[in-house]
Structures are given as structure tokens and as C-alpha cells.
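Tertiary structure, described
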Amino acid sequence: MTLWLAQPPVGWWPLAWVAPIGWLMIAKRDAATDGPLSRRDWLCVYASGVVYWAAACHWVCLPHPATPVGWVFLSLYLGLYPTAFVWLTRVATRRAHAPLWLAAPLLWVGIECLQARLFSGFLMGALSHSQPCALFGEKIASLVGAYGVSAFLVFLMSQAVRVVELKTHATSRMLLAASIMISLAWFFFAGVWSYRPP
């Protein structure tokens, strides 16, 4: 629900900076210590995606009394994308041994691209769409586009997951936290620097 709250009409855009962290934590969950994901876990991942898309696409119910049927099927279909993200990220980090900070942003953007094109496309409610109210988000988008903003946000959250994951290595945690702060500072100051009042 944090991702829905970050999107218009509520528009609490800072929530988008933490919205994907739940899916990232599940994707990074260690099978050796926590066990493999059960059917119930996968159902929860899918249900969270369905609930998000049902809330984001609530307007589909408004035009006609029959459109709620389409809204249900649209939500069920779009709920597959977050599930695919979690599954593909788990495959990339476990089988291909890709680091989460690389795999997660690339897969997130790849899934957004697929969603924008498959079956004529439907990319409303993308992660980057929550950032136009943020001055720096809007300006960064002018440099790297909407997909770049989404990738940057997922990159930051994957680094945050890594910081939480490192329990014993204080130096590594400090370095990762510093990299997150530097990235945030760059994101903010690049946006402010590129701001040109109308």
C-alpha cells in the first residue's frame, strides 16, 4: 500500500523511496537460513501486487456498472508483475550470483518495459510516476528518463536491504550507508542544480 500512497491522488512521494523494500527483502531471503519460499509466501507476494493494482486502478470501476469485472481481471493480471520481479530477482541472485544492487534495478526496469509493451501496454503507476512532485525527481528524469528514476530508487532500496542484512560487519555497513547517502545527495543536488524556474 505504500506504493499506492506514493502515487496520485494521495501523492506522498517519499513513500516510493521505501515501497519496494518488502519485495526486495523477500527476493533476497536466504533459502539456507530462512528456508525456501512456500506457496503461502508466493501467494502473499502476488496478493500484495493485486491489492496495489486494484487500488491504483480503482477508477476503472467508474464509467459503467459492468467495468468492475474488467477491474478485477486487470488487477489479477497486473499483480503478476511484482511476483515476476521477486521470482526473477531470486533467480538472478541465486543461480547467476548477480549482486542485488545490480539485478534488482535492471529487472525492475525490464519488467516496467515489458508491462509498457505487452498486450498493448499499461504503464500507469510505475515507481517513477510517484516522483513528479519531487523537484529533484522531475529534474533527474530529464537526464535519465522515467526508467532511470525507477532504477535509481530500486538501487537505493537494494542497498538498504544489504545494510540491514550485514549484521556483524560494521565497516561494510558504514560503507554501504555512506554510498546510500552519497547517492541521495547526488539525486537531490543534481535536481536542484538543474532546476530552472519558469
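Conventions adopted
- Residues numbered from 1 in each chain as written.
- Predicted model: local features only at pLDDT ≥ 70, side-chain atom pairs only at ≥ 80, totals over all residues.
- Heavy atoms only, no water.
- Phe/Tyr/Trp six-rings, centres within 6.5 Å; stacked < 30°, edge-to-face > 60°.
- 1 Å grid on protein atoms, 1.4 Å probe; cavity = no way out; pocket = protein on both sides within 12 Å on 5 of 7 lines; lining within 4 Å.
- Points joined across faces, edges and corners; volume = space filled by probe spheres on them.
- Helix = DSSP H or I, 4+ residues; strand = E, 2+ residues; numbered from the N terminus.
- Nonpolar A, V, L, I, M, F, W, Y, C, P; charged D, E, K, R; others polar.
- Core = buried A, V, L, I, M, F, W, Y, C linked by side-chain atoms within 4.5 Å.
- Buried < 20%, exposed > 50% of the residue type's maximum accessible area, 1.4 Å probe, protein only.
- pLDDT = per-residue confidence, 0-100.
- Expected span 1.5 Å × (residues − 1).

Our next topic: the packing of aromatic side chains. Evaluated as defined, the whole model comprises 7 aromatic pairs. Put simply, the rings of Trp23, Phe85 and Trp108 touch in pairs and so form one group of aromatic residues.

As a further point, take empty space enclosed by the protein. As enumerated under the stated definition, the model contains 1 cavity of 30 Å³ or more in all. There is about 170 Å³ of room inside the largest cavity. The wall of the largest cavity is formed by 16 residues, among which Trp53, Pro82, Trp108, Glu112 and Gln115 lie closest to the centre. Elements with a contribution of two residues or more to the lining of the largest cavity: α4 (39-56), α6 (80-94) and α7 (100-117). A breakdown of the residues in the lining of the largest cavity according to their chemical character gives 13 nonpolar, 2 polar and 1 charged.

This next bit is on the nonpolar core. Core analysis: the biggest nonpolar cluster contains 33 residues, and Trp23, Leu24, Phe85 and Leu127 have the highest contact counts within it. Residue assignment for this core shows that the elements contributing at least two residues are α1 (2-6), α2 (21-28), α4, α6, α7 and α8 (135-165). If one sorts the elements of this core by residue count, α8 sits on top with 8 residues.

Per-residue pLDDT for the protein averages 79, and the proportion of residues at 70 or more is 77%. Across the protein, element-level confidence peaks in α6 with a mean pLDDT of 92 and bottoms out in helix α3 (residues 31-34) with 62.

For α4, built from 18 residues, the straight-helix expectation of 26 Å at 1.5 Å per residue is met to within 8% by its first-to-last C-alpha distance of 26 Å. Listed in full, the buried residues belonging to α4 are Val45, Gly49, Val50, Tyr52, Trp53, Ala54, Ala55 and Ala56.

What follows covers unusual backbone geometry. The phi angle at His97 is positive, at roughly 55°, despite the residue not being glycine. Along the chain, the position of His97 falls in the loop between α6 and α7.

All right, on to the layout of surface pockets then. A probe matching the size of a water molecule, rolled over the atoms, marks out where space remains unfilled. Taken as a whole, the second largest pocket encloses approximately 160 Å³ of empty space. Residue lining of the second largest pocket: Met1, Thr2, Leu3, Trp4, Val18, Ala19, Ile21, Gly22, Trp23, Ser48, Val51 and Tyr52, and that is the complete set. For the lining of the second largest pocket, the class distribution of residues is 9 nonpolar, 3 polar and no charged.

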